[in-house]
Amino acid sequence: MSESEADVPRVFRPARALPTDVVRPTRAVVDLDSLRHNLHLLRGAAPGVAIWGVVKADAYGHGAKAVARTLERAGIDGLCVALVEEGVELREAGVTAPILVMGGYYGNAYSELVHHRLTVVLQSEGELEALADAVRRSDGAPLEAHLKVDTGMGRLGERRENWDRWAARLRDRPEIIFDGLMTHLATADRPSTGNAPEQLRNFEEATAIFKRHGLVPRARHAENSAALLGDHPHYDLARPGILLYGVSPFSDGELPASEASRALLRRLRPAMSVKSRIVSLRVLDAGDPVGYGSAFRARRRSLIATVPMGYADGLSRALSNNGELLVRGRRAPIAGVVSMDMTMIDVTDIPGAALGDEVTLLGGRAAPDSGEGTHAFEIGATELAARAGTIPWEILTNISRRVPRFYRGA
Ligand SMILES: *Cc1c(COP(=O)(O)O)cnc(C)c1O
C-alpha cells in the first residue's frame, strides 16, 4: 500500500438489491415529485433561509442517492448526513452540493473528509487540531467547518464552560474557515412544554462569545423540522429532515402555534409508500390458529391472506394482532404475530379479496372527507408509529434494504 492510500481510510458503503433483481412483490415506491413539493412548501415557510436537507440513514429509508440528486436539481442549498460513509456515497454518486457531516464521529477519516470536500461538524477542541492537520497534509486549501455547541441537548457539541477557550483556539487556525455555528434542539416537537426557548437563549450567548473573539460564522443554524415550524425568528440555515419526506414531526396532540405552520402540515405529501401482494389465501374454521405461537385464533369461518413482508422488511413486530394493512381500499387487521418474512391478515370482510391482490402497509390515499390533506396517506408513518409505540422516523428508517425502492417522477 502506498503512503497516500494509507492516508485515505477505506469507507464501506451501504448497498441494496436493485429493482431489476426483484422477484418478490414487496416494494417501496418513492414519489420524487412529492419531495420537490415538500421542499417548495418549506421554502415558502422560511423565505431567505438556506435549506440543507437531511438525508442521513439513506434519506430516512427513501434512498439517499435518488433523494439527494432530486433535491439538488430542485435547487436545495445543501445536504446533511450523519456519517462520513454517507457523505462519500453521495459524492461518488455525483452530488456536488455542500454536504455537512453531523454525526460527530470521524475516526481517522479526516483526510477522507478533506478529499471529498465534506463539511465537518466539529464537536470539541481536539477536533480542531485533527482537522487542521489533515488540511496541512492535503493541498493546504482551508476547509470549511461548522462548530457545534451544546445548548441543552446533552449529546454532542462543546459545553458552555469551554466556548470561550474554543473560540480563542479557532482564531489561531487559519486552516479552518468558520462556516457555521450550530446547535440542536431536544424538544422542538413539544412547543407547549419543551426547553427550546432556553436552548435558543444559550445559542445567542455562544454567538456573542465567538463574536468577542472577532469570529462571525457565515451561517448559524439550530432548526430541525419541528423547529422550522416554530414561532421564533429563523436563523440563516435550517436542517429539516422528516418534513421533506412529507411526514409531520408532531404527535400526541402537539401542534405548532401558527396557523400557517399547521396549514403547511396539511399540505405535505408523504413521499414513500410500501406495498406487496397476497401470495397465499386459506379458509379457516372457527378455532383454527394462525402463525407462530398460535397468537391468533379464528372466531368464525375466516379468510386469511399471507403477505410476503415481515419484521425483517420493516413491518414492526409490535404490529402483531394490532396493525392493519389496506386491501382493495379497506383495512384488513393483522392476524397473529408478524414473522420475519411474512404477515397474515384477516380479509374475511373484504369483498372479492383474491390471490395477487395488492396490499398496502404504508400509503393509500386518504378519503377526501377525512379532514386530512388531499395527498395524505390512508395509513401514514404517524399512524404506524402510534400503533407500534415508536416515532415515524423509526418507521421510515426501518424499511430495510431488502425492500427495493422504485422511483416515480423525474
Ligand atoms: C436528524 C437531524 C436533523 C433533522 O431532524 P428532523 O426532525 O427529521 O427534521 C437535524 N439536525 C440534526 C443534528 C439531526 O441529527
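Details of the structure are given in the entry above.
Residues numbered from 1 in each chain as written. Predicted model: local features only at pLDDT ≥ 70, side-chain atom pairs only at ≥ 80, totals over all residues. Heavy atoms only, no water.

### Things to note about the overall build of the protein
Step number 1: A count of helices and strands for the protein gives 13 helices and 20 strands.
Step number 2: Relative to a compact globule of 410 residues, whose C-alpha radius of gyration would be 22 Å, the protein shows 24 Å and is just as compact.
Step number 3: Dimensions of the protein, computed from C-alpha atoms along their principal axes, come out at roughly 80 × 55 × 40 Å.
Step number 4: Counting every position in the protein, which comprises 410 residues, the buried fraction comes to 52%.
Step number 5: Partitioning the contacts of the protein with sequence separation of at least 6, the portion at a separation of at least 24 is 66%.
Step number 6: Computed over 51 positive and 51 negative side-chain charges, the inter-centroid distance for the protein is 4 Å. (Helix = DSSP H or I, 4+ residues; strand = E, 2+ residues; numbered from the N terminus. Rg over C-alpha atoms; globule rule 2.2 N^0.38 Å. Buried < 20%, exposed > 50% of the residue type's maximum accessible area, 1.4 Å probe, protein only. Contact = heavy atoms within 4.5 Å. Lys, Arg positive; Asp, Glu negative; His and termini not counted. Charge placed at Lys NZ, Arg CZ, Asp CG, Glu CD.)

### Re the pattern of salt bridges
Note on pairing: side chains with opposite charge can pair once their charged atoms come close.
Step number 1: With the rule as written, the count across this model stands at 27 salt bridges.
Step number 2: Among the ionic pairs, glutamate 175 bridges to arginine 136, the shortest N-O distance being 2.6 Å. One end of the pair, glutamate 175, is in the loop between α8 (163-171) and β7 (176-182); the other, arginine 136, is in helix α7 (residues 125-137), with 39 residues separating them in the sequence.
Step number 3: A relative accessible area of 43% means that arginine 136 is categorised as partly exposed.
Step number 4: The residue arginine 387 makes a salt bridge to glutamate 324 at a minimum N-O spacing of 3.1 Å. Here the residue arginine 387 occupies a position in helix α12 (residues 381-388), and glutamate 324 occupies one in strand β15 (residues 324-327), the gap between them amounting to 63 residues.
Step number 5: You can call arginine 387 partly exposed: its relative accessible area is 27%. (Salt bridge = Lys/Arg side-chain N within 4 Å of Asp/Glu carboxyl O.)

### Observations concerning the sheet that holds strand β9 (residues 237-238)
Step number 1: Ordered by their spatial adjacency, 8 strands build a closed barrel running β2-β3-β4-β5-β6-β7-β8-β9, and the pairing between neighbours is parallel.
Step number 2: Relative to strand β4 (residues 99-101), strand β3 (residues 78-81) runs parallel, the two sharing 3 bridges. Its bridge partner lying in β4, cysteine 80 is registered against leucine 100.
Step number 3: Strand contacts of α8: β5 (119-122), β6 (143-148) and β7, with the helix running at about 175° to β6, the strand carrying the most contacts. (Pairing = 2+ DSSP bridges. Axes fitted to C-alpha atoms, helices over the stretch in contact; angles between N-to-C directions.)

### What to know about the site of the ligand
Step number 1: Lys56, Tyr60, Ser225, Gly241 and Trp393 are the nearest of the 14 residues found near the ligand.
Step number 2: Interatomic distance of 2.5 Å between a side-chain N/O atom of serine 225 and an oxygen atom of the ligand.
Step number 3: Here arginine 239 contributes a side-chain N or O atom positioned 2.9 Å from a nitrogen atom of the ligand.
Step number 4: Summarising the interface, the protein chains cover 91% of the accessible area of the ligand, which totals 390 Å² for the free molecule.
Step number 5: Classifying every residue of the shell around the ligand gives 6 nonpolar, 4 polar and 4 charged. (Near = heavy atom within 4 Å. Polar contact = N/O pair within 3.5 Å; in protein donor to acceptor, adjacent residues only side chain to side chain. Areas by Shrake-Rupley, 256 points an atom, 1.4 Å probe, with all protein chains shown as cover. Nonpolar A, V, L, I, M, F, W, Y, C, P; charged D, E, K, R; others polar.)

### Details of unusual backbone geometry
Step number 1: For alanine 59, which is not a glycine, the phi torsion comes out positive at approximately 55°.
Step number 2: Of note, alanine 59 is situated in helix α3 (residues 56-60).

### Some thoughts on the packing of α8 against helix α9 (residues 196-212)
Step number 1: For the pair α8 and α9, interaxial distance at closest approach is 9 Å and the crossing angle is 40°. Taken as axis vectors, α8 and α9 run oblique relative to one another. As for how α8 packs across α9, the hand of that crossing is right-handed. Contacts between α8 and α9 pair Trp163, Asp164, Trp166, Ala167 and Leu170 from the former with Asn202, Glu205, Ala206, Ile209, Phe210 and Arg212 from the latter.
Step number 2: Broken down by class, the residue content of the contact of α8 with α9 amounts to 7 nonpolar, 1 polar and 3 charged. (Parallel < 35°, antiparallel > 145°, perpendicular 65-115°, else oblique. Left-handed = near helix turned anticlockwise from the far one by under 90°.)

### Digging into the sheet that holds strand β11 (residues 280-284)
The strands making up a sheet are joined through hydrogen bonds of the backbone, oriented either antiparallel or parallel.
Step number 1: Strand order in the open sheet formed by 3 strands is β11-β14-β17, and the pairing between neighbours is antiparallel. The sheet terminates laterally at β11 and β17 (343-346), the two strands that pair on one side only. For this sheet, the mean inter-axis angle between neighbouring strands, taken without regard to orientation, is 30°.
Step number 2: Pairing of strand β14 (residues 302-307) with β17 involves 4 bridges; the strand directions are antiparallel. When the bridges of β17 are listed, isoleucine 304 appears paired with aspartate 346.

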